[in-house]
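# Results of the structural survey
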Amino acid sequence: MTGLSLILVFVLAIALMIVAISKFKIHPFIAIMTISLLLGLVAGIPITDRTVDGKKISGIASVIGAGFSGTFSSIGIVIILGALIGSILEATGAALKLADLVIKLVGRKRPVLAIELMGWVVSIPVFCDSGFVILNPIRKALVNRTGVSSVAMTVGLSSGLFIAHCFIPPTPGPIAAAATLGIGNNLLMVIALGVVCSIFPLIAGVLYANYIGKKVKADDEADAGLVTKSYEELVAAYGKLPNGCNALAPIIVPIILMAASSIVAMAKMSGGLANLFTFLGTPIVALAVGTLFAILQLKTSGKIDKFYELTNDTLKTVGPILFVTAAGGVLGKVIASSDMVTYIKDHATVLSAMGIFFPFLLAAILKSAQGSSTVALTTTAGIVAPLLPVLGLGSPVRMVLACMAIGAGAMTVSHANDSYFWVVTNFGAMSPDRGYKTQTVATLVLGVAAMVEIFILSIFLH
């Protein structure tokens with residue numbers, strides 16, 4: 001099958017995948033793999049490997065295997081190490097220390113901005129769901145101390161966590177999307193543009209949090225007795241927190257190493273020292289070094305005996321993410337192996353006109369339909385990767401912008417099919433209807449604000 005009929009089948013396949021995940025509650029891994037197989041067969045990929053005119057054509061089984069293994073080999077270890085660093089930061093209280101540093105930097109007179117930036121920093125290595133649970137006692141303590149709206153603080157914290165979760169590695173979603181798009185070895189640029197692209201949504205998040213905080217009230221709004229732990233009690237529960245340098249090292253050191261590697265590459269340096277920096281700046285090695293600093297942090301905090309348990313729990317957590325990510329890679333490989341990309345390239349006027357908005361809209365549709373930002377990021381990246389040149393997003397910096405556009409779409413929107421929605425509403429002491437007015441609308445605001453900034457950047461960055 002070729003031409004327009006193949007495009008229609010592809011659209012139908014994506015629709016079926018969304019319905020399977022959201023309506024029939026089929027696991028994303030099963031849904032994506034099944035749709036990939038069916039789409040490959042309908043698209044005319046042969047059922048076995050064959051040779052035509054001396055050219056080897058891979059069968060559907062080989063295509064699926066290549067897509068699956070290729071994704072694992074490129075980002076599997078990176079995802080595991082990034083998640084392990086986050087788990088250790090949680091266990092040692094370093095995440096709390098990072099939050100404290102943000103409060104000192106911003107000041108107590110701007111509690112909503114402080115809690116948003118706190119969430120943004122903490123969510124770089126820590127999943128937004130667990131980050132909200134960790135920081136919620138501080139949110140409640142700050143509400144009690146400052147008298148600010150509980151809803152405003154909830155939306156501020158949720159926004160900060162969500163922005164970093166969708167934009168900035170080593171969070172698994174952005175790492176997986178970057179690798180699928182072919183920029184996995186340029187994570188420093190992904191991180192840098194992720195920080196830049198956070199500006200508009202951070203501003204929008206604070207503005208909306210303050211606005212909705214005047215319109216909607218939470219159950220814990222006026223009752224200080226519901227504050228279960230003060231900040232001091234929470235810190236005491238961890239014992240002595242790591243100092244600022246120890247808390248930052250697992251995050252900062254990998255960034256520095258990747259920066260050094262990028263500088264070596266840009267300067268076209270050679271020799272033993274250059275090779276060493278290139279080696280250390282490889283994302284897998286850089287995050288491995290960051291993990292060593294995290295383990296040292298665990299040792300100095302007297303919790304090294306928890307390392308086995310933390311590692312085991314981390315592997316259980318990232319396992320589903322790894323498999324869904326690999327499934328997204330399979331879908332992308334199937335699409336790339338069909339004639340659809342060639343047809344689109346030959347008839348790309350309308351698609352090219354959408355440009356940077358195409359990955360945003362596709363990710364937003366997938367996010368809204370099935371709930372997981374990580375699934376939206378990885379699946380959209382697999383679909384978009386073969387189309388980047390057609391969309392005018394073929395240069396390295398524009399590929400990173402495409403990754404950011406996917407991240408913005410993956411924010412849009414969080415509602416009842418998203419576990420994060422329930423974390424925010426339950427810990428924020430809000431009913432589901434209030435959750436739609438706060439969390440759901442806030443994520444829409446974040447996604448649109450982010451996309452506006454990305455579009456502006458795309459005008460100047462080529």
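Residues numbered from 1 in each chain as written. Predicted model: local features only at pLDDT ≥ 70, side-chain atom pairs only at ≥ 80, totals over all residues. Heavy atoms only, no water.

Per the counting criterion, the structure on display carries two salt bridges. Residues Arg434 and Asp219 are paired through a salt bridge, measuring 3.1 Å at the closest nitrogen-oxygen approach. Of this pair, Arg434 sits in helix H22 (residues 432–460) while Asp219 sits in the loop between helix H10 (199–213) and helix H11 (231–238), and the two are 215 residues apart along the sequence. Residue Asp219 is classed as exposed on the basis of its relative accessible area, which comes to 54%. One salt bridge connects Asp418 with Lys367, and the closest N-O pair in it is separated by 2.8 Å. With a gap of 51 residues between them, Asp418 in the loop between helix H20 (396–410) and helix H21 (419–427) and Lys367 in helix H18 (residues 357–370) connect regions that are remote in the sequence. (Salt bridge = Lys/Arg side-chain N within 4 Å of Asp/Glu carboxyl O. Helix = DSSP H or I, 4+ residues; strand = E, 2+ residues; numbered from the N terminus. Buried < 20%, exposed > 50% of the residue type's maximum accessible area, 1.4 Å probe, protein only.)

The topology assignment puts Ala288 in helix H14 (residues 283–300). Residue Ala288 is classed as partly exposed on the basis of its relative accessible area, which comes to 30%. Along the sequence, Ala288 and Ile175 sit 113 residues apart, while their C-alpha atoms lie 15 Å from each other.

The general pattern is negative phi for most residues beyond glycine and trans for most peptide bonds. Here Thr412 and Val413 are connected by a cis peptide whose omega angle stands at 0°. Secondary-structure assignment places Val413 in the loop between H20 and H21. A positive phi angle, close to 55°, is found at Lys25, a residue other than glycine. Here Lys25 lies in the loop between helix H1 (3–22) and helix H2 (28–42). One non-glycine residue, Ala429, adopts positive backbone phi at about 60°. Classification of Ala429 by relative accessible area gives buried; the value is 18%.

Such coordinate-based values are descriptive only and should not be taken to indicate function.
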